[in-house]
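Listed here are the chains, written in short residue letters.
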Amino acid sequence: MTIQNQFSSGLESGNFVVNSDPVHQAWCAIEQQRQVNPNAEPSLYNEIIEPENPIVIAFGTPPGSLEGQEGLVSSKDFAHFEFLCNKSNPVFCINEAAIKLFHSHYSDLLVLKNKLVENSKSKTPPLIIITGQSVGGSVATLFTLWLLQGLNLSKTKRPLCITFGSPLVGDEHLRKCVLEFSAWKSCFLHIVSDQDHTPKIFMSRNGAYKPFGTFLLCSASGCACSEDPDFISEQFVTTNSHSAQTPDPNLGFPYGKILEDLKRKALCNVFESIGGKTDPLKASIITQLIAIGVVSQQQSRDTDNLVEKMKKHETKLLIQKKKNSDSDKILNDMKIHMAYLEWYKKDSKRQNIGYYDMYRNRGYQTDVKVNEFKKRLMNYWEDSVTEVENKPQLEGAHFRVRWLYAGTNYRGMVEPLHIADYYKDGGENYQTDAGKRPKHFTLLEEWHQEKQEPEKKQEPEKKKQKTQKQEEKPESGPSKSKRESVGSSLNDDSCFWARVEEALIILLKNGGLTTDDKRKLKEFEDYVWNALENYAVSPEIFLEKSSFMKWWNEYKGIVESSSLLLEFMKNDGPREYEAGKFT
């Protein structure tokens, strides 16, 4: 994949951040926290609420050194952060000192969380800024993660966590867990000076700690933003040797002065000083490294090696962003494939055979094209469902709300084609034998059913309200709209044709019907009748050349005379059903 005109926007982003109000509001809150409660005891945080301004929660820094506090503790050994886990990363680690501080103030933090969640439900919820310096920043990060779990981000503003000189809080697995929540990564801004030793204090632990979120890296020369964990870790190691030692983190590093200096500093055009590089990506990386104090304007072999390494990191990120932007095009292609299948379904009805059996018989050139589209759609949805399944529960649920309708429509349209291939190749027991039905179809069906459960519980109350308002009796059975649209609908049960195939196998086998066979056929008959009562099957099943009619023509000779389905088929029931008049 080739990406033209590559460049890095870290400088522009850095200057924008330095001049933003939330950063300066956060630092002012930290300074107020020190004035109100210099040692952060007995309260861990200070809450600042001013009319028409953001709510700012400033976490203080307890006295004491961070040296020797680099221990990590597994998520299996502490509570309240299980929601971050997913199948790919079932366990992660957090700095032991930070999680102990969090748990020691859990009761107060729970009250604060509940209060902020309640405030977020107002008509005009304010922005929430959560901030802290040093270990206070670590607790601010953990609290923000915990708060995000309780917020409905579709209806409220995202909170913003801004830390100053905060040590890294967790390992690579924590970073990956957080990134699975696509809307969360932009909530974290960590401001770090090249002269501050505190943020880098745990970097010597064999690379176990990994950064997440956006980092504003500052030096006397300027500043730049980065989200690349490899780049950030590299800079922490590079600048750690000349960072100022801060034995007592409670004394703090003067970030207020740094921010003011950077805000006043005019940007210089340094492209001339780096030799007029023609590669804009390389030039912008060198400019950033100079700005954050990693290299000087006098280049060396080590500088060239570092620049090439960071160029590879930046290119990798650009490629990933390009892939993400391509996802919209892929989704649009999938919609086109589905539209073709819709056309194919209508054409099969005109030929009096039906969608399922036209594809199963493969008598037309268009069937080859349908098979190609079927494979592409299955590959896309298998990948999409696997991605959702690996996400944490909350993020997966958000995906289901946005995509479940499309997934249900896909399942109803494509699974019958897959079933047709399966039984054409001599398969049996599609639903009952483990591993025969593709997993993504099963998951899409389960998610659809989960979504329907709360809706079914709410339905009686909705009908009651409608009755009280309109003084009319709620209708029973399928809705009027469902009856009227049944002619163009899909089967509610995407495995309907697998049930038909199994019933046909029983009827057409040699040796006569056993008692168990008759029981299974009666169960299938009852299943069909229930589906008809609920307008849950397409009237295409009654087309002359369909597999269902093949089954019925065999079964009607042995069905009991009292059968409701028999009466339906004899008395022009299929025609009434298609017209939406069957009751």
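Computed from a prediction, not measured in an experiment: that's the story for all the values here.

1. Comments concerning the overall build of the protein
Looking only at helices and strands, the protein has 20 helices and 9 strands in total. In the protein, which comprises 583 residues, the proportion classed as buried is 49%. The contacts in the protein between residues at least 6 apart in sequence include a share of 76% that link residues at least 24 apart. Accessible surface, the protein as shown: approximately 29700 Å² in total, 50% of it carbon and sulfur.

2. Describing the sheet that holds strand S2 (residues 55-59)
Spatial strand order, S1-S2-S5-S6-S7-S8-S9: 7 strands in an open sheet with mixed pairing. The open sheet terminates on both sides in strands that have one partner only, identified here as strand S1 (45-48) and strand S9 (222-226). The mean angle between the axes of side-by-side strands here comes to 15°, regardless of whether they run parallel or antiparallel. Bridge analysis of S2 against strand S5 (residues 128-133) gives 5 bridges, and the strand direction is parallel. The residue of S5 that forms the bridge with Val56 is Ile129. Helix-sheet contacts for helix H5 (residues 135-150) involve S2, S5, strand S6 (160-164) and strand S7 (188-193), and the interaxial angle to S5 is about 150°. Contacts from helix H8 (residues 255-264) reach S5, S6, S7, strand S8 (214-219) and S9, with the element oriented near 95° to S7.

3. Observations regarding the environment of Asp493
Residue placement: Asp493 occurs in the loop between helix H15 (480-484) and helix H16 (496-508). Each residue touching Asp493, except ones within four places of it in the same chain, is listed here: Arg499, Tyr527 and Ala536. Of the polar contacts made by the side chain of Asp493, one reaches the side chain of Tyr527; its length is 2.7 Å.

4. Overview of the pairing of S2
Looking along a regular strand, one sees side chains alternate from face to face of the sheet. Burial within S2 is extensive, with 5 of its 5 residues counted as buried. Of the two faces of S2, both are covered, the one formed by Ile55, Ile57 and Phe59 as well as the one formed by Val56 and Ala58.

5. Details of unusual backbone geometry
Even without being a glycine, His80 presents a positive backbone phi close to 80°. The phi angle at Tyr535 is positive, at roughly 50°, despite the residue not being glycine. Among the secondary structure elements, Tyr535 is positioned in the loop between helix H17 (515-533) and helix H18 (547-555).

6. Details of the confidence of the model for the protein
Fine structural detail should not be taken from predicted coordinates in areas where pLDDT scores are low. Considering every residue of the protein, the mean pLDDT works out to 81; 78% of them sit at 70 or more. When the elements of the protein are averaged for pLDDT, helix H9 (residues 280-291) gives the smallest value, 66, and S6 the largest, 96.

7. Points about H17
Taking 1.5 Å per residue as the helical rise, H17 with its 19 residues ought to reach 27 Å, and the 27 Å between its terminal C-alpha atoms agrees with that figure. If you check which residues of H17 are buried, you get Asp517, Leu521, Phe524, Glu525, Val528, Trp529, Ala531 and Leu532. Down the axis of H17, the buried set is contained in an arc of 160°. They therefore lie on one face. Where H17 is buried, its residues meet H16, H18, helix H19 (564-570) and helix H20 (573-578). Where H17 ends, the next residue or the one after it, Tyr535, has phi of about 50°, a positive value.

8. Regarding the packing of H16 against H17
Axis separation between H16 and H17 bottoms out at 10 Å; the angle between their running directions is 150°. Classed by the angle they form, the pair H16 and H17 counts as roughly antiparallel. For the crossing formed where H16 meets H17, the hand is left-handed. Counting all contacts with H16, which are made through Phe496, Arg499, Val500, Ala503, Ile506 and Leu507, the residues of H17 involved are Asp517, Lys520, Leu521, Phe524, Tyr527 and Val528. Broken down by class, the residue content of the contact of H16 with H17 amounts to 9 nonpolar, no polar and 3 charged.

9. Some thoughts on the side chain of Arg437
Position of Arg437 among the secondary structure elements: in the loop between helix H13 (393-424) and helix H14 (439-470). Side chain to side chain, Arg437 and Glu415 meet in a polar contact 2.7 Å long. The residues touching Arg437, leaving out its near neighbours within four places in the chain, are Arg411, Glu415, Tyr430, Thr442, Glu445, Ser494 and Cys495.

10. Remarks on the packing of aromatic side chains
One pass over the structure, following the stated rule, counts 45 aromatic pairs. Aromatic side chains Tyr106 and Trp146 sit 5.5 Å apart centroid to centroid with 40° between the ring planes, which places their arrangement in the tilted category. Residue Tyr106 is located in helix H4 (residues 106-119), and its partner Trp146 is located in helix H5; the two are separated by 40 residues in the primary sequence. With relative accessibility at 4%, the residue Trp146 sits in the buried group. When the ring of Tyr535 is compared with that of Phe582, the centres are 6.4 Å apart and the planes differ by 45°; the resulting orientation is tilted. Taken together, the residues span a long stretch of sequence, with Tyr535 in the loop between H17 and H18 and Phe582 in the segment after H20 at a distance of 47 residues. The buried category is assigned to Tyr535, whose relative accessible area is 2%.

About the cut-offs
- Residues numbered from 1 in each chain as written.
- Predicted model: local features only at pLDDT ≥ 70, side-chain atom pairs only at ≥ 80, totals over all residues.
- Heavy atoms only, no water.
- Helix = DSSP H or I, 4+ residues; strand = E, 2+ residues; numbered from the N terminus.
- Buried < 20%, exposed > 50% of the residue type's maximum accessible area, 1.4 Å probe, protein only.
- Contact = heavy atoms within 4.5 Å.
- Areas by Shrake-Rupley, 256 points an atom, 1.4 Å probe, with all protein chains shown as cover.
- Pairing = 2+ DSSP bridges.
- Axes fitted to C-alpha atoms, helices over the stretch in contact; angles between N-to-C directions.
- Polar contact = N/O pair within 3.5 Å; in protein donor to acceptor, adjacent residues only side chain to side chain.
- pLDDT = per-residue confidence, 0-100.
- Expected span 1.5 Å × (residues − 1).
- Arc of directions from axis to C-beta.
- Parallel < 35°, antiparallel > 145°, perpendicular 65-115°, else oblique.
- Left-handed = near helix turned anticlockwise from the far one by under 90°.
- Nonpolar A, V, L, I, M, F, W, Y, C, P; charged D, E, K, R; others polar.
- Phe/Tyr/Trp six-rings, centres within 6.5 Å; stacked < 30°, edge-to-face > 60°.

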